[in-house]
Amino acid sequence: MPRLALDKDFLLRDLPKLERPVRERVTEAFGKFAHATHAGSHLEKLTNVRDPRLRTIRIDRSLRGVVVAPDGDDTFTLLKVLPHDDAYAWARSHAATVNTASGRFEVRDVNMIESVLPELSKAVEDAPTRLFDHLGDDVLDRFGVDEQTRAFARVLTDVIQLEAARTFLPQHQWDVLYGLAAGLSPDEVWAELGVPDHGAHYDPNDLAAAIERSGDRIVLVEGPDELMEIVRRPFDLWRIYLHPVQRQVAYGDFSGPARVTGGPGTGKTVVALHRAKHLAESGEGPVLLTTFTSTLAASLEVALELLVDSAEVRERITVRHIDQVATEVYRQRHGHPKIIDDREQRRVWTSLIERFALPFTETFLMQEWRQVVLAQQIGTAREYVAARRQGRGRPLGLRQREVLWPALAAFHQILLERGVRTHETICVEATRLLGSGVARPYRHVVVDEAQDLSPARWRLLRALVEPGRNDMFIAGDSHQRIYDDRVSLREVGVRIAGRSGRLTVNYRTTAEILVWSMGVLRGERIDDLDGGVESLTGCRSELHGYPPTLHGARTRDDELGALTTRFREWLDAGVDASEIAVATRSNKLADVVVEHLTQERIAAHSLARPGHGVDGVAVGTMHRMKGLEFRCLAVVGVGRHQMPPPNAVTPLSEDEATHRHDLQRERCLLFVACTRAREGLYVSWHGEPSPFLTPLRAS
């Protein structure tokens, strides 16, 4: 029986753009093909082709699929679905090849290369230097840059010409050339490509073996049922699919805690999932896969079910958000804790301000207690006087600290007297219990969205596992920090020096959306959780589409009316309502949007109320968008007085550093929301736009 395969580019770029009936016909045609006794007989051979292994398959009366059928093999890979004449033209101009250095499958547009090369050669005849003059043929040969691609590379004089050639050169070879043109050393290029053995040489004629090795771009399908599921939800597959660079990190062997960073859509969560699977397969002990919120933990659990086939391996992995873990450890000794919420905490701080006649606000005291006292495990006045307050904008002298300490100590005493805990004090107590002899429940800890964890939670994570080989694995991006917590991993006992990697390729968002969204953070200095500065330099996307649409309206009603128009355009273009979402800064505006869309007969549901329907457009706050992705996304209410909300930013006069951190957090929140869009991003406001948008509108 023949085996079916799908090309990644088709799944990610072409398939989502096909209307649903066409997707169903693709599934039906390929499904029948899979059941055929002689599958090759259902493929049409073409004349005047560059590669006779490229055939076509009938989808319906007007559409054809282009399939690569290696000689003597029963694996058939779908590359394209196009109108009849376009499919024939595409098949006649392209060729499938094997990269002799990586051993992977490649596709190139031979006609385009041959047509561009003479014109380009003539245009640069008098150029004094060429882009790759500094590299000998032996270097290019080592990377599998073949004769045709090398001839093209030798006439280039500017990296812009290379960027323009991305659509028709073989992808692996283009990546090599782009890395070398950017000034990377050959070793750095190898590391970026993630090819494990760069001394190997592969048979250029064994296309079937190359397809088997090309897990980064080819998906083998186990029968029509799996094909139907992939076609119905292609992006579910890529939630668990690894690029070779990601695989190196996920399956590495580390002497201690290791970390992977990277911008949005670079696959950090995918790496974390595979890391948990790999550690569980090693059988050394139970694995904790954890994150900051219950919503994200639930998303990890769903993805893990897609990834792990073995029930035995799956049983070794526990998925919990960090506060659940803390509560489980706490409950073993003290029973179920009673939690005090933020609103009640503020009431306590207000009473302490009056009691001690303090010249501070509730917000300042809450942050001082969390970021200094709890973060550094301070228990006495002497320790507080000597404590570091790095990152706290308002300086406190010796006398001020002596005055303030009784209130900080009194807050802790009030919690004890009432028999209540905050989530962080539960973490503190759980950490103490683990350090006093309570059995450590895990052998490995894998952390996703690490940037949002507080110092108290980090100390708990460190206490959950014995220090040792492969004990902790951390995935995160400080640019996506959407809460107030800041931490130095070294200060909480997590040392990652020499075991930190970075991902740069975005696999979710188009380059146009990514570049625009990165502009929201332009000029911001983002810490890297370990005493350095995080950067998005080098972060790029291989997908291309339309730039974001920005719309300013006079009133909120006008803004909502324009939103309706945009949604109807997306729906008319074949985008399913379940592939569309709206992000807002507040729950109140989210409710308004749901009501408006419902009145306009556009099915919509609130992410804050999962029990009240799941059909249609998803609407939720920017915080709830964390970890999600949609084909098209509208970010609404990005006005001067809504983004950032005045009550979310500490006044400059009260605490300069906290004021800056609050503004940065709000920028990061907008950045996170916008990068949830895969293909279409629409940003709107009424009245004056947010100051975060001003430079972006000008550009």
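Scroll up to find the structure this text is about.
Residues numbered from 1 in each chain as written. Predicted model: local features only at pLDDT ≥ 70, side-chain atom pairs only at ≥ 80, totals over all residues. Heavy atoms only, no water.

**Concerning helix 23 (residues 455-464)**
Then, number 1: Most of helix 23 is tucked away, with 10 of its 10 residues classed as buried.
Then, number 2: Burial in helix 23 covers these residues: Pro455, Ala456, Arg457, Trp458, Arg459, Leu460, Leu461, Arg462, Ala463 and Leu464.
Then, number 3: At its buried positions, helix 23 is contacted by strand 9 (287-291), helix 17 (322-334), helix 22 (423-435), strand 11 (444-447) and strand 12 (472-476). (Buried < 20%, exposed > 50% of the residue type's maximum accessible area, 1.4 Å probe, protein only. Helix = DSSP H or I, 4+ residues; strand = E, 2+ residues; numbered from the N terminus. Contact = heavy atoms within 4.5 Å.)

**Details of the nonpolar core**
Then, number 1: Grouped together as the largest cluster of nonpolar side chains are 32 residues, with contacts concentrated most on Trp458, Leu460, Leu461, Leu464 and Val494.
Then, number 2: At the level of elements, helix 17, helix 22, strand 11, helix 23 and strand 12 are the ones that each hand at least two residues to this core.
Then, number 3: Ranked by the residues each element gives to this core, the list is headed by helix 23, at 6 residues.
Then, number 4: If you look at the next biggest cluster of nonpolar residues, it comprises 29 residues, including Leu242, Val271, Ala276 and Val446. (Core = buried A, V, L, I, M, F, W, Y, C linked by side-chain atoms within 4.5 Å.)

**With respect to the pattern of salt bridges**
Then, number 1: Inspection of the entire model under this criterion finds 35 salt bridges.
Then, number 2: With a shortest N-O distance of 3.1 Å, Arg370 and Glu424 are connected by a salt bridge. Pair noted here: Arg370 is in helix 19 (residues 362-374) and Glu424 is in helix 22, with a separation of 54 residues, a long-range link.
Then, number 3: Using a relative accessible area of 19% as the deciding quantity, one classes Arg370 as buried. (Salt bridge = Lys/Arg side-chain N within 4 Å of Asp/Glu carboxyl O.)

**Digging into the environment of Val145**
Then, number 1: Inspection of the secondary structure assignment puts Val145 in the loop between helix 5 (137-142) and helix 6 (147-153).
Then, number 2: Residue class for Val145 comes out buried when judged on its relative accessible area of 2%.
Then, number 3: Those residues in contact with Val145 that lie beyond four places of it in its chain are Leu140, Arg150, Gln173 and Val176.

**Considerations on the sheet that holds strand 3 (residues 63-68)**
Then, number 1: Read across the open sheet, the 5 strands follow the order 2-3-4-1-7; overall the sheet is mixed. Looking at strand neighbours, the two that pair on one side only are strand 2 (54-58) and strand 7 (218-221), the edges of this open sheet. Along the sheet, successive strands turn relative to each other by an average axial angle of 35°, direction set aside.
Then, number 2: Pairing of strand 1 (residues 3-7) with strand 7 involves 4 bridges; the strand directions are antiparallel. Bridge pairing in strand 7 places Asp7 opposite Ile218.
Then, number 3: Against the sheet, helix 3 (residues 84-93) makes contact with strand 2, strand 3 and strand 4 (75-83), and its axis sits at roughly 130° relative to strand 4, the strand it touches most. (Pairing = 2+ DSSP bridges. Axes fitted to C-alpha atoms, helices over the stretch in contact; angles between N-to-C directions.)

**Regarding the packing of aromatic side chains**
Then, number 1: With the rule as written, the count across this model stands at 7 aromatic pairs.
Then, number 2: Each ring, one from Phe360 and one from Phe364, has its centre 4.9 Å from the other, and the planes form 10°; the classification is stacked. Of the two residues examined, Phe360 and Phe364, each falls in the buried class.
Then, number 3: Three or more aromatic residues joined by ring pairs form one cluster here, namely Trp349, Trp369 and Phe411.
Then, number 4: Directly above the aromatic system of Tyr384 lies the positively charged group of Arg401, at a separation of 6.0 Å from the ring centroid. (Phe/Tyr/Trp six-rings, centres within 6.5 Å; stacked < 30°, edge-to-face > 60°. Lys NZ or Arg CZ within 6 Å of the ring centre and 35° of its normal.)

**Remarks on the packing of helix 22 against helix 23**
Then, number 1: In the contact formed by helix 22 and helix 23, the axes pass within 9 Å of each other and the chain directions differ by 25°. In this view, helix 22 runs roughly parallel relative to helix 23, as classed from their interaxial angle. Handedness of the crossing formed by helix 22 with helix 23: left-handed. Between helix 22, through His423, Glu424, Cys427, Val428, Ala430, Thr431 and Leu434, and helix 23, the contact on the second element is made entirely by Ala456, Arg457, Arg459, Leu460, Ala463 and Leu464.
Then, number 2: Its residues assigned to classes, the contact of helix 22 with helix 23 shows 8 nonpolar, 2 polar and 3 charged. (Parallel < 35°, antiparallel > 145°, perpendicular 65-115°, else oblique. Left-handed = near helix turned anticlockwise from the far one by under 90°. Nonpolar A, V, L, I, M, F, W, Y, C, P; charged D, E, K, R; others polar.)

**A few points about the pairing of strand 5 (residues 94-98)**
Then, number 1: Taking burial as the measure, the 5 residues of strand 5 include 4 buried ones, the bulk of the element.
Then, number 2: Sheet analysis places strand 5 next to strand 6 (residues 105-109), joined by 5 bridges and oriented antiparallel. From the neighbouring strand, Val98 faces strand 6, where its bridge partner is Phe105.
Then, number 3: As consecutive antiparallel partners, strand 5 and strand 6 are separated by 6 residues, and within that stretch Gly103 has a phi angle of approximately 75°, a positive value.

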